[in-house]
There are 2 protein chains.
Amino acid sequence: MTAETDMDEFKFHHFGVAVRDMQRGIATFANLFGYELRSGPFDDPIQNVSICFLSREGADPLLELVAPLGPNSPVDGILKKGSGIYHLCYEVPDIRAAIQRQQDAGSFLLSGPVPAVAFGMREIAWLMTEADLLVELLQA
Amino acid sequence: MTAETDMDEFKFHHFGVAVRDMQRGIATFANLFGYELRSGPFDDPIQNVSICFLSREGADPLLELVAPLGPNSPVDGILKKGSGIYHLCYEVPDIRAAIQRQQDAGSFLLSGPVPAVAFGMREIAWLMTEADLLVELLQA
């Protein structure tokens, strides 16, 4: 572990919820809990998903809605399993060092790092960690 | 909607992650992201689960680990699907009014309200909302 990959530098960024239809998803979360659209939707052809961010008053964590952008989207499998919330995202100061640290701890790199439209082309990577937790890393 | 069930009063409390083994789960999240045990584990025979809460420095949201307490635990189905993170919990000032509001918005009450060991016997309820999101409500 180097100073750049100290665990304190994994900063919680958002959790992700899969929805079939973006506009309906936005309306649902407004109606159920009062979430408001903060940014997006953004179409990300690299990830083959559409993404937006919702927030609420106060210190509530940021919620990301993710919908399929086209056929064979990676979010299709999540929607088939019927689980709404499916990933956590942590922001890191050095994404390559953070990936290495996760791999050293037994996590499996699924994809990336690649630039992401929703984050102004900052890089993201996807890992499957122990406890079947899907984690996104985001370059700070 | 009454003043007591205004959406602003759904206060984010924690997200829940299913694990097969509690002690291994605690070690995994310490190792991967530096989470520390904040309270528990608590055995809840009403829910047939063991629960603990993990936290990190700063404003990171509270993480709840949930493991089966005995056979036929409600968390078994989550673990079979292989999804780590599986619910969000919101604290509400009047759990019965909040349940009614969620039902009016199309959510389905799965169980409760019942007292919960992990929350000093405060009442909890489980709802399935639109977008396949499993939500726990917690009496403030």
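Worth saying up front: this structure is predicted, and the values here are computed from it rather than measured.

A. Seen up close, the packing of aromatic side chains. Applying the stated criterion to the full structure yields 16 aromatic pairs over all chains. Ring geometry for phenylalanine 10 of chain A against phenylalanine 33 of chain B: centres 5.5 Å apart, planes inclined by 80 degrees, an arrangement best described as edge-to-face. Of the two residues, phenylalanine 10 of chain A is situated in the segment before strand S1 (11–18) and phenylalanine 33 of chain B in helix H1 (residues 22–33); the pairing between them involves two chains. Here the two residues phenylalanine 10 of chain A and phenylalanine 33 of chain B agree in accessibility, since each one is buried. Summarising the aromatic geometry, the rings of phenylalanine 12 of chain A and tyrosine 90 of chain A are spaced 5.8 Å apart at their centres and angled 85 degrees between planes, so their arrangement reads as edge-to-face. Linking phenylalanine 12 of chain A in strand S1 with tyrosine 90 of chain A in strand S5 (residues 85–92), this pair joins segments that are 78 residues apart in sequence.

B. Structural context of the sheet that holds strand S7 (residues 122–128) of chain A. All names here are of chain A. Taken together, eight strands build an open sheet; the order of strands is S2-S3-S4-S1-S5-S8-S7-S6 and the sheet is mixed. Looking at the sheet topology across the chains shown, the edges are occupied by strand S2 (36–44) and strand S6 (108–116). On average, adjacent strands in this sheet sit at an angle of 25 degrees to one another, irrespective of strand direction. In this sheet, S5 lies alongside S1 in antiparallel orientation, the contact comprising six bridges.

C. Highlighting the layout of surface pockets. Residues and elements named next belong to chain A. What the second largest pocket holds in volume is close to 370 Å³. Together, 24 residues line the second largest pocket, and Pro74, Ile78, Tyr86, Trp126 and Leu134 are the ones closest to its centre. Of all the elements in the fold, those that place two or more residues in the lining of the second largest pocket are strand S3 (49–55), strand S4 (62–68), helix H2 (76–81), S5, S6, S7 and strand S8 (134–139). Considering each element in turn, the lining of the second largest pocket owes the most residues, three residues, to S7. Across the lining of the second largest pocket, the residue classes tally to 13 nonpolar, seven polar and four charged.

D. Quick look at the interface of chain B and chain A. Contacts between chain B and chain A engage 41 residues on the former and 41 residues on the latter. Between chain B and chain A the total buried area reaches about 3300 Å² when both faces are included, carbon and sulfur atoms providing 59% of it. Three residues, Leu32, Phe33 and Ile85 of chain B, lead the burial of chain B against chain A; their summed loss comes to 19% of the area buried on that side. If you look at where chain B meets chain A, you find two salt bridges. Across the contact surface, chain B and chain A share 15 residue pairs in polar contact (both at pLDDT 80 or more). When contributions to the side of chain B that touches chain A are tallied by element, the ones reaching two or more residues are strand S1 (11–18), H1, strand S5 (85–92) and helix H3 (95–104) of chain B. Among the elements that make up the side of chain B that touches chain A, the one with the highest residue count is H1 of chain B (seven residues). Of the residues assigned to the side of chain B that touches chain A, the class counts are 21 nonpolar, 10 polar and 10 charged.

E. A look at the pairing of S6 of chain A. All names here are of chain A. Both S6 and S7 contribute to a ladder of six bridges, which runs antiparallel. Within S7, the position partnered with serine 111 by the bridge is tryptophan 126. Where S6 hands over to S7, the hairpin turn is made up of five residues, of which glycine 120 adopts a positive phi near 60 degrees.

F. Looking closely at helix H1 (residues 22–33) of chain A. Residue and element names in this part refer to chain A. Here H1 is 12 residues long and its end C-alpha atoms lie 16 Å apart, about the 16 Å a rise of 1.5 Å per residue gives. For H1, the complete set of buried residues consists of Met22, Gly25, Ile26, Thr28, Phe29, Leu32 and Phe33. Angularly, the buried residues of H1 cover 160 degrees about the axis, an arc narrow enough to put them on a single face. Those residues of H1 that are exposed and angled more than 90 degrees off the buried face are Gln23 and Arg24. Among the residues of H1, the N-terminal cap falls to aspartate 21, whose side-chain oxygen and the backbone nitrogen of glutamine 23 are separated by 3.3 Å. Trailing H1 by a residue or two, glycine 34 shows a phi angle of about 80 degrees, which is positive.

G. Layout of the relation of the copies chain B and chain A. By a simple turn and slide, chain B fits onto chain A: the slide is 0.0 Å along the axis, the RMSD is 0.0 Å, and the turn is 180 degrees. On the angle and the small slide along the axis, the relation comes out as a two-fold axis. Comparing contact sets, 100% of the residues at the interface of chain B also lie at the interface in chain A, consistent with an isologous, same-surface contact.

Each value, and the rule that gives it
Residues numbered from 1 in each chain as written. Chains lettered and ligands numbered in written order. Predicted model: local features only at pLDDT ≥ 70, side-chain atom pairs only at ≥ 80, totals over all residues. Heavy atoms only, no water. Phe/Tyr/Trp six-rings, centres within 6.5 Å; stacked < 30°, edge-to-face > 60°. Helix = DSSP H or I, 4+ residues; strand = E, 2+ residues; numbered from the N terminus. Buried < 20%, exposed > 50% of the residue type's maximum accessible area, 1.4 Å probe, protein only. Pairing = 2+ DSSP bridges. Axes fitted to C-alpha atoms, helices over the stretch in contact; angles between N-to-C directions. 1 Å grid on protein atoms, 1.4 Å probe; cavity = no way out; pocket = protein on both sides within 12 Å on 5 of 7 lines; lining within 4 Å. Points joined across faces, edges and corners; volume = space filled by probe spheres on them. Nonpolar A, V, L, I, M, F, W, Y, C, P; charged D, E, K, R; others polar. Contact = heavy atoms within 4.5 Å. Buried area = accessible area lost by both parts, 1.4 Å probe. Salt bridge = Lys/Arg side-chain N within 4 Å of Asp/Glu carboxyl O. Polar contact = N/O pair within 3.5 Å; in protein donor to acceptor, adjacent residues only side chain to side chain. Expected span 1.5 Å × (residues − 1). Arc of directions from axis to C-beta. Least-squares fit on C-alpha atoms with pLDDT ≥ 70 in both.

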